[in-house]
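Secondary and tertiary structure notes
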Amino acid sequence: MMEVSQVKNQLSTNLFENLAEHDHEQILVCNDNHTGLKAIIAIHNTVLGPGLGGTRMWNYNNESEAMRDVLRLSRGMTYKASISGLNLGGAKAVIIGDAKTQKNEALMRKFGRFVNNLAGKYVTAEDVGTTTQDMEYVNMETDHVVGLPEGRGGGGDPSPVTAYGVYVGMKSAANKRWGTDSLEGKKVAVMGIGKVGMHLLEFMHKEGAKFYISDMNQEALEFAANKFGATIVENDAIYDTDAEIFAPCALGGIINTDTIGRLNCEVIAGAANNQLEDEDIHGDMLVKKGIVYAPDFLINAGGLINVYSEYTGYNRENAMRDTERIYDTLNSIFKVSDETGMHTQAAATHLAEKRIKDIMHVQSTIS
Ligand code: NAD
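Residues numbered from 1 in each chain as written. Predicted model: local features only at pLDDT ≥ 70, side-chain atom pairs only at ≥ 80, totals over all residues. Heavy atoms only, no water.

Packing of helix H7 (residues 195-206) against helix H8 (residues 218-228) brings their axes to within 11 Å, and their N-to-C directions diverge by 10°. On the basis of the axis angle, H7 is roughly parallel to H8. Residues Met 198, Leu 201, Glu 202 and His 205 of H7 lie in contact with H8, whose contacting residues are Ala 220, Phe 223, Ala 224, Lys 227 and Phe 228. The class makeup of the residues in the contact of H7 with H8 is 6 nonpolar, 1 polar and 2 charged. (Axes fitted to C-alpha atoms, helices over the stretch in contact; angles between N-to-C directions. Helix = DSSP H or I, 4+ residues; strand = E, 2+ residues; numbered from the N terminus. Parallel < 35°, antiparallel > 145°, perpendicular 65-115°, else oblique. Contact = heavy atoms within 4.5 Å. Nonpolar A, V, L, I, M, F, W, Y, C, P; charged D, E, K, R; others polar.)

Going through the model one piece at a time under the given rule, you end up with 5 aromatic pairs. Between Tyr 239 and Phe 246 the ring centres are 5.8 Å apart and the planes differ by 65°, which places this aromatic pair in the edge-to-face class. Side by side, Tyr 239 and Phe 246 carry an identical accessibility label, which is buried. Aromatic ring contacts, followed pair by pair, group Tyr 164, Tyr 167 and Phe 203 into a single cluster. The residue whose ring lies beneath Lys 186 is Trp 178, and the NZ or CZ to ring-centre distance is 4.4 Å. (Phe/Tyr/Trp six-rings, centres within 6.5 Å; stacked < 30°, edge-to-face > 60°. Buried < 20%, exposed > 50% of the residue type's maximum accessible area, 1.4 Å probe, protein only. Lys NZ or Arg CZ within 6 Å of the ring centre and 35° of its normal.)

Moving on, we come to the nonpolar core. In this structure, Leu 201 and Met 204 are the most contacted members of the largest nonpolar core, which totals 60 residues. The element best represented in this core is helix H6 (residues 159-178), accounting for 8 residues. Composition of this core by domain shows at least three residues from each of domain 1 (20-71 + 89-145) and domain 2 (159-354). Beyond its immediate stretch of four places on either side in the chain, Leu 201 contacts Val 190, Ile 193, Phe 211, Ile 213, Ala 224 and Phe 228. (Core = buried A, V, L, I, M, F, W, Y, C linked by side-chain atoms within 4.5 Å. Domains from an automatic or database assignment.)

Moving on, we come to H8. Within H8, burial applies to Ala 220, Leu 221, Ala 224, Ala 225 and Phe 228. Summarising the axial view, the buried residues of H8 lie within an arc of 130°, below the 170-degree limit, and thus occupy one face. What points out from H8, more than 90 degrees from its buried face, is the exposed set Glu 219 and Asn 226. Those residues of H8 that are buried are in contact with H7, strand E8 (210-214) and strand E9 (231-232). (Arc of directions from axis to C-beta.)

Below, the discussion takes up the domain arrangement of the chain. By the assigned domains, the chain splits into domain 1 (20-71 + 89-145) and domain 2 (159-354). Its C-alpha centre places domain 1 at a distance of 28 Å from the equivalent point of domain 2.

Attention now goes to the sheet that holds E9. Pairing is parallel across the open sheet formed by 6 strands, whose spatial order is E9-E8-E7-E10-E11-E12. The strands lining the two open edges of the sheet, one partner per strand, are E9 and strand E12 (292-293). Bridge count between E8 and E9: 2 bridges; the pairing is parallel. Across the sheet, residue Ile 213 finds its bridge partner in E9, namely Ile 232. The strands touched by H7 within the sheet are strand E7 (187-191), E8 and strand E10 (245-248), with E8 carrying the most contacts at an inclination of about 165°. (Pairing = 2+ DSSP bridges.)

Turning our attention to the side chain of Asn 256. Along the chain, the position of Asn 256 falls in the loop between E10 and helix H9 (257-262). Among residues more than four places away in sequence, those in contact with Asn 256 are Glu 277 and His 282.

Enumeration according to the criterion identifies 23 salt bridges in this entry. The shortest N-O distance in the salt bridge between Arg 109 and Glu 105 comes to 2.9 Å. One end of the pair, Arg 109, and the other, Glu 105, are both in helix H4 (residues 105-117), 4 residues apart, so they sit about a helical turn from each other. Given the relative accessible area of 36%, Glu 105 is considered partly exposed. One continuous salt-bridge network, built from bridges that share partners, spans Arg 56, Asp 69, Arg 72, Lys 92 and Asp 127. (Salt bridge = Lys/Arg side-chain N within 4 Å of Asp/Glu carboxyl O.)

Here's what the structure looks like:
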């Protein structure tokens with residue numbers, strides 16, 4: 001095992017190598033002794049627009065881990081924005097520390113100052129470990145923040161919009177698999193009945209779908225069982241049901257060699273980020289098993305689309321309408337996947353990269 005000092009050394013000596021690996025544009029390392037702020041802002045790509053991505057506060061084991069996370073997450077935002085047709089780039093910030101004990105007004109406002117220094121190249125929002133209240137503190141020091149409460153011109157809770165995107169994505173995938181996008185009578189296994197999972201159940205229930213649900217939260221399970229007639233299953237058993245559709249709405253990495261072997265579904269469409277443990281291996285395994293996979297970073301983009309509408313004066317109806325386009329975008333991904341033999345996650349990545357290249361070409365012309 002490497003010592004912490006070795007990891008740190010490796011990080012500093014490999015810094016440019018790390019940025020070059022996925023072509024990151026810039027990082028800003030922020031330090032403030034008075035508030036104890038230690039943050040990294042990573043800007044991956046700003047060809048399409050300002051880099052937008054939330055600020056995660058997490059007690060990372062070491063700086064290397066924080067750096068890896070912010071580089072990975074910022075790159076993911078580039079792809080999500082691009083495939084969703086938004087004029088946004090990809091970026092993300094991490095604050096190293098315990099959100100429960102180390103976060104306060106001064107720390108968040110100091111962070112806001114660093115965001116402001118980037119003059120709009122980076123736009124922040126809330127993420128794991130930060131709240132709408134924290135973003136209000138950030139907003140005291142910079143205008144480059146979205147995801148504020150509705151009363152302050154923001155988009156409020158994004159989960160219903162995210163759930164709507166997952167729902168229309170699921171319908172597009174159902175259409176691909178069965179030639180009809182109706183979910184009537186379809187059995188859907190939903191893993192994770194949190195903010196998104198619960199709203200998703202509501203949309204599907206209106207269409208007459210039936211459910212298996214799993215979560216550790218007994219209260220949420222019982223609520224959903226009563227309201228939607230859902231059948232509760234033990235956590236791990238969610239992979240073994242006879243559901244035709246699987247909707248992962250809890251954790252990433254849960255579609256892997258073990259679970260693919262157990263799943264009986266024909267469609268996977270859910271909200272969780274990074275569902276495929278290994279994109280190439282498991283993307284291809286799903287194809288071989290005849291399972292239609294709706295790429296997560298497209299169908300869970302409703303939350304991003306929601307904050308994007310804050311740029312043009314927030315309106316939830318517009319945000320929902322824009323989110324509905326996920327249905328057609330997914331159709332285009334299926335088409336590319338059929339034509340090229342790429343699995344759907346690879347086809348979505350390809351289209352996202354193509355859009356960035358095309359727009360870069362557009363920008364190369366003198367106006
Ligand atoms: P949440 O925290 O409200 O809900 C997650 C739920 O999953 C919780 O109820 C939790 O108890 C449950 N859970 C955790 N581990 C589980 C397990 N092993 N088996 C079953 N249930 C488990 O989160 P959310 O906002 O509903 O988001 C759900 C997923 O969607 C997350 O992966 C999130 O990153 C992703 N996502 C959310 C949004 C959004 O707008 N909220 C946007 C994009 C992506």
